[in-house]
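Given next are the chains, with one letter for each unit.
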Amino acid sequence: MPMSKKLLVVVGSTFCSCYYCFAAEMSVESATSANQYRQLANQLASEASFYNSIATFYGYQGESIMPYSTNFYESVPQPKAYNPWIGSQFGFGAGGASGDTNNSSVNGSMIVNYKPESGVRGWQFNTIGQYDYLGTAAGGSSNKNRLYLQQNGAFMYDKYNGIFAQASYLNDANDGFYYVWNENIGYKLQLLNTDRMNLQLAVGPGLQQRHVVSTNVAGTQPQWLTQLTYNLNLNDILTFYEQLQNTATHANTTTYSISTLNLQVNKNFGIGINYQVTYNTNPPSGKAGVTTVSSLNLVYGIN
């Protein structure tokens with residue numbers, strides 16, 4: 001065989017061998033790539049199923065790989081909507097009084113709490129109103145009315161500390177005062193705060209204006225307020241509210257306590273006991289140092 005033909009055969013064989021090897025390699029690579037793409041597709045399908053389950057759990061109703069289940073979503077407990085008026089209550093009832101008037105009374109009461117935003121920080125507002133109509137007035141007086149009003153506003157700038165401003169008004173001629181006004185500003189401390197109870201302390205200076213019945217003298221004097229407020233809620237059935245405040249001036253120190261204990265009959269209505277105690281270290285002439293008003297009330301509460 002001539003040398004040129006031998007050379008042509010060798011070159012052809014070598015080319016065929018190289019082409020076969022290349023084709024075999026490409027075939028292997030194609031099989032490998034296909035397997036990788038299959039694995040990737042399976043992985044993506046698994047992740048899509050997982051994330052769609054999460055979306056279904058949170059109630060997403062858009063397009064999904066898995067069918068959306070309303071029953072499953074409805075079975076998940078939903079958080080209770082925030083109520084800025086929680087703890088507010090209104091009562092009406094009858095009871096008795098002791099001290100300067102020992103007789104029956106008809107009364108109305110209200111405690112209004114308002115906190116615009118949830119959480120421990122922010123504004124808090126509290127209004128207290130107590131009205132008592134006494135069966136007979138003391139000492140021949142024609143005034144059978146006793147009215148106490150209080151408005152408190154506070155701003156808590158962290159979990160424990162805040163500032164407050166408060167104004168209160170008392171009209172109680174039976175106990176010796178045509179009126180007593182108190183205005184205070186100061187510091188508020190959150191001593192205790194849980195889901196079921198809270199305890200706050202407020203202290204601060206202020207002014208007092210009062211008009212004494214026996215002397216018919218009105219005057220203004222500086223005073224100091226110390227106030228404790230306690231709320232307790234047991235399973236939304238039994239609730240207790242207590243405010244104890246002490247107002248000290250150079251002439252007299254007055255301690256006033258208002259307590260309410262309510263038993264819920266249904267979601268909003270309940271039966272309550274209302275008890276008020278007032279103590280004066282230097283009462284007007286002829287007046288008792290300690291007076292009380294108690295009543296059994298029908299209560300409407302906001303829970």
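Definitions and limits used
- Residues numbered from 1 in each chain as written.
- Predicted model: local features only at pLDDT ≥ 70, side-chain atom pairs only at ≥ 80, totals over all residues.
- Heavy atoms only, no water.
- Helix = DSSP H or I, 4+ residues; strand = E, 2+ residues; numbered from the N terminus.
- Buried < 20%, exposed > 50% of the residue type's maximum accessible area, 1.4 Å probe, protein only.
- Contact = heavy atoms within 4.5 Å.
- Areas by Shrake-Rupley, 256 points an atom, 1.4 Å probe, with all protein chains shown as cover.
- Core = buried A, V, L, I, M, F, W, Y, C linked by side-chain atoms within 4.5 Å.
- Phe/Tyr/Trp six-rings, centres within 6.5 Å; stacked < 30°, edge-to-face > 60°.
- Pairing = 2+ DSSP bridges.
- Polar contact = N/O pair within 3.5 Å; in protein donor to acceptor, adjacent residues only side chain to side chain.

Caption draft 1: Representation of the overall build of the protein chain within the structure. Counting secondary structure elements, the protein chain contains two helices and 12 strands. Start at the N end of the protein chain and walk to the C end: the helices and strands fall as α-α-β-β-β-β-β-β-β-β-β-β-β-β. Buried positions account for 33% of the 303 residues belonging to the protein chain. Summarising the internal contacts of the protein chain: among those between residues at least 6 apart in sequence, 50% fall at separations of at least 24. By element, 64% of the accessible surface of the protein chain is carried by carbon and sulfur atoms, the whole surface being about 17800 Å².

Caption draft 2: Molecular detail of unusual backbone geometry. For Asn216, which is not glycine, the phi torsion reads 55 degrees and is therefore positive. Within the element layout of this structure, Asn216 appears in the loop between strand S7 (197-212) and strand S8 (217-234). The exposure class assigned to Asn216 is exposed, which follows from its relative accessible area of 52%.

Caption draft 3: Spatial organisation of the nonpolar core. Counting residues in each nonpolar core, the largest one holds 10 residues, listed as Ile111, Ile128, Tyr148, Leu170, Phe177, Val180, Val212, Tyr241, Tyr256 and Ile258. Looking at this core, the elements with two or more residues in it are strand S6 (177-193) and strand S10 (253-264). Those residues in contact with Tyr256 that sit more than four places away from it in its chain are Gln130, Arg146, Tyr148, Gln243, Leu244, Gln245, Gln276, Val277 and Thr278.

Caption draft 4: A look at the packing of aromatic side chains. Using the criterion set out here, one finds eight aromatic pairs in the structure. Between the aromatic rings of Trp85 and Tyr114, the centroid separation amounts to 4.4 Å while the plane-to-plane angle is 35 degrees, which identifies the pairing as tilted. Of the two residues, Trp85 sits in the loop between helix H2 (70-75) and strand S1 (89-98) while Tyr114 sits in strand S2 (residues 103-114), which places them 29 residues apart along the sequence. Its relative accessible area of 30% is what places Tyr114 among the partly exposed residues. Relative to Trp181, the ring of Tyr169 has its centre 4.9 Å away and its plane inclined at 50 degrees; by these criteria the two rings are tilted. Residue Tyr169 is located in strand S5 (residues 161-172), and its partner Trp181 is located in strand S6; the two are separated by 12 residues in the primary sequence.

Caption draft 5: Broad picture of the pairing of S7. Bridging between S6 and S7 involves 13 bridges; their strand directions are antiparallel. Along S7, the bridge assignment pairs Asn184 with Gly206. Note: S7 against S8, 16 bridges, orientation antiparallel. Across the sheet, Ala202 pairs through a bridge with Gln227, a residue of S8. The hairpin turn running from S7 into S8, its antiparallel successor, is four residues long, and Asn216 in that turn takes a positive phi close to 55 degrees.

Caption draft 6: View of the side chain of Asn126. Inspection of the secondary structure puts Asn126 in strand S3 (residues 122-134). Only 2.7 Å separates the side chain of Asn126 from the side chain of Asn113, close enough to count as a polar contact. Those residues in contact with Asn126, other than ones at most four positions away along the chain, are Ile111, Val112, Asn113, Gln150, Gln151, Asn152, Tyr241 and Gln243.

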